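# Overview (structure and organization)
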Amino acid sequence: MVINGKDLISLRNIPAETIKLILDTAEPMKEIINRQIKKVPTLRGRTVVTLFYEASTRTRMSFELAAKYLSADAVNIAAATSSISKGESLKDTARTITAMGADIVVLRHPMAGAPELLARTINASVINAGDGAHEHPTQALLDLFTVREKKGRLEGLKVVIVGDILHSRVARSDIWGYTAMGAEVRLAGPATLMPPGIEKTGARVYSDLEEALEGADVVNVLRIQMERQQQGLFPGLREYANMFGMNRDRLKLAAPDALVMHPGPMNRGVEISPEVADGLQAVINTQVTNGVAVRMALLYLLTGGAHSEVAY
Amino acid sequence: MTKEKAQILDPEGIRRSLTRIAHEIIERNKGTGSLVLIGIRRRGVPLAERLAERIKEIEGGSVPVGTLDITLYRDDLTTMAYQPLVRSTEVPFSVSGKTVVLVDDVIYTGRTIRAALDAVMDLGRPRVIQLAVLIDRGHRELPIRPDYVGKNVPTSSKEEALVKLHEIDGEERVIILELPD
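Predicted model, so just to flag it, every value in this text is computed and none were measured.

How each quantity is defined
- Counting starts from 1 at the beginning of each chain's written sequence and moves along it residue by residue.
- Working convention: letters from A go to chains and numbers from 1 go to ligands, in the order in which they are written.
- In keeping with the predicted nature of the model, local features appear solely for residues at pLDDT of at least 70, side-chain atom pairs appear and are counted solely at 80 or more, and the whole-chain, interface and lining totals rest on all residues.
- Think of the side-chain values as coming from all heavy atoms in the structure, minus any hydrogens and water.
- Every helix listed is a DSSP run of H or I at least four residues long, and every strand listed is a run of E at least two residues long, numbered separately from the N terminus.
- The globule rule is 2.2 Å times the number of residues to the power 0.38, and the radius of gyration it is compared with is taken over C-alpha atoms.
- Relative accessibility thresholds used throughout: buried, under 20% of the residue-type maximum; exposed, over 50%; partly exposed, between the two (1.4 Å probe, protein chains only).
- Only the protein chains shown count as covering a residue, and every accessible area follows the Shrake-Rupley method with a 1.4 Å probe.
- Positive charges are assigned to Lys and Arg, negative charges to Asp and Glu, while His and the chain termini are left out of the count.
- To locate a charge, take NZ of a lysine, CZ of an arginine, CG of an aspartate or CD of a glutamate.
- Pairs of residues are marked as contacts when any of their non-hydrogen atoms sit within 4.5 Å.
- Strand pairing requires that DSSP identify at least two bridges connecting the strands.
- The path from the first strand over the helix to the second decides the hand: if it runs clockwise while the strands point away from the viewer, the crossover is right-handed.
- The method works on a 1 Å grid over the protein atoms by themselves. A cavity is a set of points holding a 1.4 Å probe that cannot get out, a pocket is an open set with protein on both sides within 12 Å along at least five of seven lines, and residues with an atom within 4 Å of a point line them.
- Grid points are joined across faces, edges and corners, and a volume is the space filled by probe spheres set on the points.
- Gly is put with the polar residues, along with every residue not named as nonpolar or charged; the nonpolar set is Ala, Val, Leu, Ile, Met, Phe, Trp, Tyr, Cys and Pro, and the charged set is Asp, Glu, Lys and Arg.
- A simple way to read buried area is as the amount of 1.4 Å-probe accessible surface that goes missing from two parts once joined, with both sides added.
- For this analysis, a salt bridge means a side-chain nitrogen from Lys or Arg found within 4 Å of a carboxyl oxygen belonging to Asp or Glu.
- Within 3.5 Å is the distance limit for a polar contact, defined as a pair of N or O atoms, with the added protein rule that one can donate a hydrogen and the other accept it, and that residues adjacent in sequence qualify only through two side-chain atoms.
- Helix span, as expected, comes to 1.5 Å for every residue beyond the first.
- A fitted line through C-alpha atoms serves as each axis, taken over the contacting stretch for helices, and the angle formed by two N-to-C directions is quoted from 0 to 180°.
- Orientation is classified from the angle alone, with under 35 degrees giving roughly parallel, over 145 giving roughly antiparallel, 65 to 115 giving roughly perpendicular, and any other angle giving oblique.
- Each crossing is labelled by how the near helix is turned from the far one, with a counterclockwise turn of less than a right angle marking it left-handed and a clockwise turn marking it right-handed.
- Two rings from Phe, Tyr or Trp (for Trp, the six-membered ring) form a pair when their centres sit within 6.5 Å of each other. Planes less than 30 degrees apart are called stacked, planes more than 60 degrees apart edge-to-face, and all others tilted.
- Two conditions define a charge located above a ring, namely a distance within 6 Å from the ring centre to NZ of Lys or CZ of Arg, and an angle within 35 degrees of the ring normal.

Helix and strand counts for chain B come out as four helices and eight strands. Order of helices (α) and strands (β) in chain B, N terminus to C terminus: β-α-β-α-β-β-α-β-β-β-α-β. Relative to a compact globule of 181 residues, whose C-alpha radius of gyration would be 16 Å, chain B shows 16 Å and is just as compact. Burial analysis of chain B (181 residues in total) assigns 50% to the buried set. A total of about 8,800 Å² of accessible surface is found on chain B, and carbon and sulfur atoms cover 47% of it. A gap of 2 Å separates the mean positions of the 27 positive and 28 negative side-chain charges of chain B.

This part takes up the overall build of chain A. Counting secondary structure elements, chain A contains 12 helices and nine strands. A globule of 312 residues ought to have a C-alpha radius of gyration of about 20 Å, and chain A, at 19 Å, matches this closely. Reported as C-alpha extents along the three principal axes, the dimensions of chain A are approximately 55 × 40 × 35 Å. Every one of the 312 residues in chain A was classed for burial, and the buried ones make up 58%. Considering only residue pairs separated by 6 or more positions, chain A has 76% of its internal contacts joining residues 24 or more positions apart. Accessible area for chain A stands at about 12,700 Å²; split by element, carbon and sulfur atoms hold 50% of it. Counting 35 positive and 34 negative side-chain charges, chain A places the averaged centre of each group 5 Å from the other.

This brings us to the pairing of strand E3 (residues 65-68) of chain B. Residue and element names in this part refer to chain B. Pairing of strand E2 (residues 35-40) with E3, which is carried by four bridges, proceeds in the parallel orientation. The partner of Ile 38 across the bridge, within E3, is Gly 66. Handedness of the crossover is the feature at issue here: the chain leaves E2, passes through helix H2 (residues 44-59), returns alongside E3, and the resulting connection is right-handed.

The next thing to look at is empty space enclosed by the protein. Evaluation of the coordinates by the stated rule reveals two cavities of 30 Å³ or more. A:Pro28, A:Glu31, A:Ile32, A:Arg35, B:Asp69, B:Leu72, B:Tyr73, B:Val86, B:Arg87 and B:Thr89 together form the lining of the largest cavity. Of the voids in this model, the second largest cavity is the one considered here, and its volume is about 30 Å³. Lining the second largest cavity, in full, are B:Leu18, B:Ile21, B:Leu47, B:Leu51, B:Val103, B:Asp104, B:Ala132, B:Val133 and B:Leu134. Among the secondary structure elements, those contributing two or more residues to the lining of the second largest cavity are helix H1 (11-28), H2, strand E4 (99-107) and strand E5 (128-136) of chain B. Ranked by residue count, the leading element in the lining of the second largest cavity is E5(B), at three residues. Taken together, the residues of the lining of the second largest cavity sort by class into eight nonpolar, no polar and one charged.

What follows covers the interface of chain B and chain A. As a measure of interface size, the accessible area lost when the parts come together is often cited. If you look at the interface, chain B gives 17 residues, while chain A gives 21 residues. In total, about 1,600 Å² of surface goes out of reach between chain B and chain A, with carbon and sulfur atoms giving 60% of it. At the surface where chain B touches chain A, the tally comes to zero salt bridges. Counting the contacts that link chain B with chain A gives five residue pairs in polar contact (both at pLDDT 80 or more). Here the side of chain B that touches chain A is composed, by residue class, of 10 nonpolar, five polar and two charged.

Attention shifts here to the pattern of salt bridges. If charged atoms from side chains of opposite charge come close, those side chains can pair. Residues and elements named next belong to chain A. Under the defined criterion, the tally for this structure stands at 34 salt bridges over all chains. As a salt-bridge pair, Lys 151 and Asp 257 come within 3.3 Å of each other at their nearest N and O atoms. With a gap of 106 residues between them, Lys 151 in helix H5 (residues 137-151) and Asp 257 in the loop between helix H10 (248-251) and strand E9 (259-261) connect regions that are remote in the sequence. Through salt bridges that share partners, Lys 20, Asp 24, Glu 27 and Arg 148 make up one connected network.

Moving on: helix H12 (residues 284-302) of chain A. Spanning 19 residues, H12(A) covers 27 Å between terminal C-alpha atoms, matching the ideal 27 Å at 1.5 Å per step. Counting buried residues along H12(A), 15 of its 19 residues qualify, which places the element largely inside the surrounding structure.

Quick look at the packing of helix H2 (residues 58-69) of chain A against H12(A) now. Residue and element names in this part refer to chain A. Two elements in contact, H2 and H12, have axes whose closest approach is 8 Å; the angle formed by their N-to-C orientations is 55°. In terms of orientation, H2 lies oblique with respect to H12. The way H2 lies across H12 gives a crossing that is right-handed. Here Arg 58, Thr 59, Ser 62, Phe 63, Leu 65, Ala 66, Ala 67 and Tyr 69 of H2 come into contact with H12, specifically with Val 288, Gly 291, Val 292, Arg 295, Met 296 and Leu 299. Residue classes in the contact of H2 with H12 are distributed as nine nonpolar, three polar and two charged.

Looking now at the side chain of A:Ser168. All names here are of chain A. As for its placement among the helices and strands, Ser 168 is situated in the loop between strand E5 (158-162) and helix H6 (169-180). Look at Ser 168 and you get buried, because its relative accessible area is 9%. Dropping the residues within four chain positions of it, Ser 168 is found in contact with Ala 133 and Leu 222.

Another aspect to go through is the environment of A:Ala180. Tracing the backbone shows A:Ala180 in helix H6. Distance from A:Ala180 to A:Ala258, taken between C-alpha atoms, is 21 Å for residues 78 residues apart in sequence.

Here we take up the packing of aromatic side chains. Scanning all chains against the criterion turns up two aromatic pairs over all chains. A ring pair is formed by A:Phe234 and A:Tyr240, whose centres lie 5.5 Å apart and whose planes are at 55°; its orientation type is tilted. For A:Phe234, a relative accessible area of 5% gives the class buried. Three or more aromatic residues link up through ring pairs in this structure, and these residues are A:Phe234, A:Tyr240 and A:Phe244. Lying over the aromatic face of A:Phe63, A:Arg295 brings its terminal NZ or CZ to 4.9 Å of the ring centre. Sitting over the ring of B:Tyr108, B:Arg137 keeps its end group 3.8 Å from the ring centre.

Let us look at the pairing of E5(B). Residue and element names in this part refer to chain B. Burial analysis of E5 places seven of its nine residues in the buried class, which makes it a mostly covered element. Note that the unit made of E4, helix H3 (residues 111-123) and E5 has a crossover that is right-handed. Both E5 and strand E6 (residues 148-152) contribute to a ladder of four bridges, which runs parallel. Bridge pairing in E6 places Ile 135 opposite Lys 151.

Bear in mind that shape data such as this cannot, by itself, settle questions of function.
Here it is, written out as structure tokens:
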């Protein structure tokens, strides 16, 4: 089996069988993470470069650990401390990186579409680690992996995504991923943070969170970015917490064994109350572990792919 | 066209080979004290389970059985057109200080066993590792030799030894195939 093409840019139009291959490959990878000796020789001699134009701790560290557990060499380039701050363009930076022999470039960039542009420019594989408000496919894949691990399936599940859908790359990738796997996606959040036309993706939009939560199997709480309040998109943090914050009473509306997920970092007391974040139904730490496993699977699958076309 | 050249073992033959190997494992290791069996995916897995049953019938004690997937340890990943499927490794016990018997259906170049040795050693530090195979078809490319062999089958490199087990294949026999030029 093979991932078509050399890159992972987006989960839009990704076939269910490709998602299944990635999740199936992540399972044995997770077993490696739980070993005392967390290392297999699979990608010996391969180089993975993480190129981050935005701050990130967990995603970057997750990719670096994934590369290291597979014995690849991992190099990080943070935009603030590199030639990028001297005005080098993305394309030139990427050409320099590939000239040094990188096999995979993991890119986070504030502009939607940057990873796709990069993928067309260089021969190395490109993995999108978040581009603007467009997509964050590896986060969605780790969400799918976590839900499948806990629930045993994805098909037919009711998944609520609550929060700032408009600015969320996680939400967009999640919608494509869950929908491809046959789950029902419900979106809830303030009307000012709901992108117009989003229901064309197949997701259903709810203005009332409590209605959306009814019988839900998964509640994925998105992070509220504080700077959005200054833009006047919602009146205040307290009001947001009152209207759309996930708390114990609201969680009771979901299925009794519903999972609570959050891509991190959390604003406790705003989008999620501490007792829900630390409660028995929360799988937020499992998501972090699974993120490494899913990224190991992707690094493994992409280093074997046919290096010809941009696929997703 | 691939054609079947000869049948090497029938179900009875496979059964007798495994019974003999079970006896040899017990004899060589003076019992089942620190013994564990690890089957190499795919057909080493049912063979390891059968050996464990046989050993239990003979000695009484049950022997832990694990499953090893060697895909991530292959030495030919960089030369392949696409990555082979990775499946799970399930060794739910410590191998440190143990007598590990690796079990596979056919030994040929020895490269699978080389990968398996690395994989086992990443799980811990066994006291000793031994190798049991149903068929040894020769043509080794590495200095590796099985400790227990069901049947030695001299083959040419244009032939293939195929083990079929009812757990996986729905039939039970060992055949030699002649590969097309």
